[in-house]
Amino acid sequence: MVYRTNTAAVLYQAHDLRMEERPIETPGNGEVLINIRATGICGSDLHYYLDGTMGPLRLDPSAPMILGHEASGIVTQLGSGVTELKIGDRVAIEPGRGCQECRYCKQDGGEYNLCPKMKFLGSLRQGPNDGSLRRYASFPAYLCHKMPESMSYEDGALIEPLSVAVYAVDRTPVKQESIVAVLGAGPVGLLTAAAAFAQGAKSVLILDINSSRLEFASKYLPNIQTMLLPKIASLDEAQQQSEKIQKAFDSQEIDVTFECTGVEVCVNMAVHLTRPGGSVMLIGLGKPSTIMPTNAIITKQVNIQGNFRYANSYPKSIQLVQQEKIPLKGLVTHRFALEDTLKAFKLAKQNAEGVMKIQIGDF
């Protein structure tokens, strides 16, 4: 379907999201014009919508921003110098554009996700940077990854959160026979569990305070073990609860724990759950500063790592889906047309049972 208009979801300030028409861009040198067919709502999108901020950065109503960064689409026009893509190619869009000049962009293996000048779709850092909740947008061709015919646009938009999970798992010692725990059964937590299984983990335990999410996890990954957590009010309770979990988990020693919530008590639980010499990977973003059990970290010699987005993970993520090593079916529970974006965000803010991933687009 060919559109002559470019409808976009533009955020002016908290709760002030408007549907507007924007000009259709002409792709520049090395760029392609994409008809965006699917965009997922991420936790950061919802945070911008509810608060109009991200950390110390606040949206200026005089410089509004198009939301969205989990996206896929189809190439409709080529800029000069583009040879690796053609019109009609279906692509998953990697949303972070590094400067390609700093040490992080240039080093072997690449950690371009740490580029201090990174411009990320739907983000205020180095921005505002307009995102993917629009019908057309131009992107650098090297950030547009071809999708196999077996993948839908819906799948393509899930490659972004999957890349977070794949990158995080790749940076830990997860291997054959590893015992893994995941705190948080949202989309990233589920995909992290799936990536750990794909990496060879023998057993994965996922924990959450939401029973419906754990029920979803059991259907999504039938081999996963689940445990419902009580609401924990203190760090002492977090340690006590960790001891109970270890007993309930047949006293298996957890090699790697992935913390996907950003909640302080969960960060502490991650340390207590992990065996001596094991690893904790922090994925969830919470408060700017968190109290951590340094005595346990030191005496257990637990390795603590942080994970920020991803680098060079899109091709592997697409391959894992193509090879059916990571399932995506069922993760998208609600779909809305682009024109109904406001309805989609109203549903997202309710945090209702049965809602896992909301996508917006022309599927």
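These lines cover the structure that appears in this document, whether it is placed above or below. Being a predicted model, the structure only gives us computed values, none of them experimental. (Residues numbered from 1 in each chain as written. Predicted model: local features only at pLDDT ≥ 70, side-chain atom pairs only at ≥ 80, totals over all residues. Heavy atoms only, no water.)

### Some words on the pattern of salt bridges
A side chain of one charge can pair with a side chain of the opposite charge if their charged atoms are brought near each other.
Here comes step 1: In total, this model carries 14 salt bridges according to the counting rule given.
Here comes step 2: With a closest N to O distance of 3.9 Å, D89 and K146 form a salt bridge. Here the residue D89 occupies a position in the loop between β7 (70-78) and β8 (90-93), and K146 occupies one in strand β12 (residues 144-146), the gap between them amounting to 57 residues.
Here comes step 3: Residue class for D89 comes out buried when judged on its relative accessible area of 7%.
Here comes step 4: Salt-bridge contacts for E264 lead to K287; the nearest nitrogen and oxygen are separated by 3.7 Å. Placement of the pair is E264 in helix α7 (residues 264-273) and K287 in the loop between β17 (274-282) and α8 (294-299), with a sequence separation of 23 residues.
Here comes step 5: Through salt bridges with shared partners, a single network forms among E20, R22 and D130. (Salt bridge = Lys/Arg side-chain N within 4 Å of Asp/Glu carboxyl O. Helix = DSSP H or I, 4+ residues; strand = E, 2+ residues; numbered from the N terminus. Buried < 20%, exposed > 50% of the residue type's maximum accessible area, 1.4 Å probe, protein only.)

### Digging into the nonpolar core
Here comes step 1: Counting residues in hydrophobic clusters, the biggest one holds 57 residues, and the most contacted among them are Y220, F258 and L331.
Here comes step 2: Only α3 (153-170), β13 (179-183), α4 (187-198), β14 (203-208), α5 (211-220), β16 (254-259) and α9 (314-322) provide two or more residues apiece to this core.
Here comes step 3: No other element matches the 11 residues that α3 contributes to this core.
Here comes step 4: If you look at the next biggest cluster of nonpolar residues, it comprises 25 residues, including A8, I41, L133 and L347. (Core = buried A, V, L, I, M, F, W, Y, C linked by side-chain atoms within 4.5 Å.)

### Quick look at unusual backbone geometry
Here comes step 1: Cis geometry is adopted by the peptide bond preceding P128, which originates at G127 and carries an omega value of 20°.
Here comes step 2: Counting through the fold element by element, P128 comes out in the loop between β10 (119-120) and β11 (136-140).
Here comes step 3: Phi at Q100 is positive, roughly 65°, even though this residue is not glycine.
Here comes step 4: As for its placement among the helices and strands, Q100 is situated in the loop between β9 (96-97) and α2 (103-106).
Here comes step 5: One non-glycine residue, E177, lies in the positive phi region at around 75°.
Here comes step 6: Examined against the element boundaries, E177 turns out to sit in the loop between α3 and β13.
Here comes step 7: You can call E177 exposed: its relative accessible area is 52%.

### Some points on the packing of aromatic side chains
Aromatic ring pairs are defined here through the distance separating the ring centres and the angle between the ring planes.
Here comes step 1: What the rule picks out here adds up to two aromatic pairs.
Here comes step 2: Both rings, one in Y49 and one in F345, keep their centres 5.2 Å apart while their planes meet at 50°; by these two values the pair is tilted. Here F345 lies in helix α10 (residues 341-350) and Y49 lies in helix α1 (residues 43-51), a separation of 296 residues in the sequence.
Here comes step 3: Residue F345 is classed as buried on the basis of its relative accessible area of 0%.
Here comes step 4: Directly above the aromatic system of Y12 lies the positively charged group of R18, at a separation of 3.7 Å from the ring centroid. (Phe/Tyr/Trp six-rings, centres within 6.5 Å; stacked < 30°, edge-to-face > 60°. Lys NZ or Arg CZ within 6 Å of the ring centre and 35° of its normal.)

### Notes on the sheet that holds strand β2 (residues 16-21)
Here comes step 1: Ordered in space as β2-β1-β6, the three strands form an open sheet in which the pairing is antiparallel. Edge positions in the open sheet fall to β2 and β6 (65-66), since each of these has one partner strand only.
Here comes step 2: Relative to β2, strand β1 (residues 7-13) runs antiparallel, the two sharing six bridges. The partner of A8 across the bridge, within β2, is E20. (Pairing = 2+ DSSP bridges.)

All quantities given are derived from atomic positions and should not be read as evidence of function.
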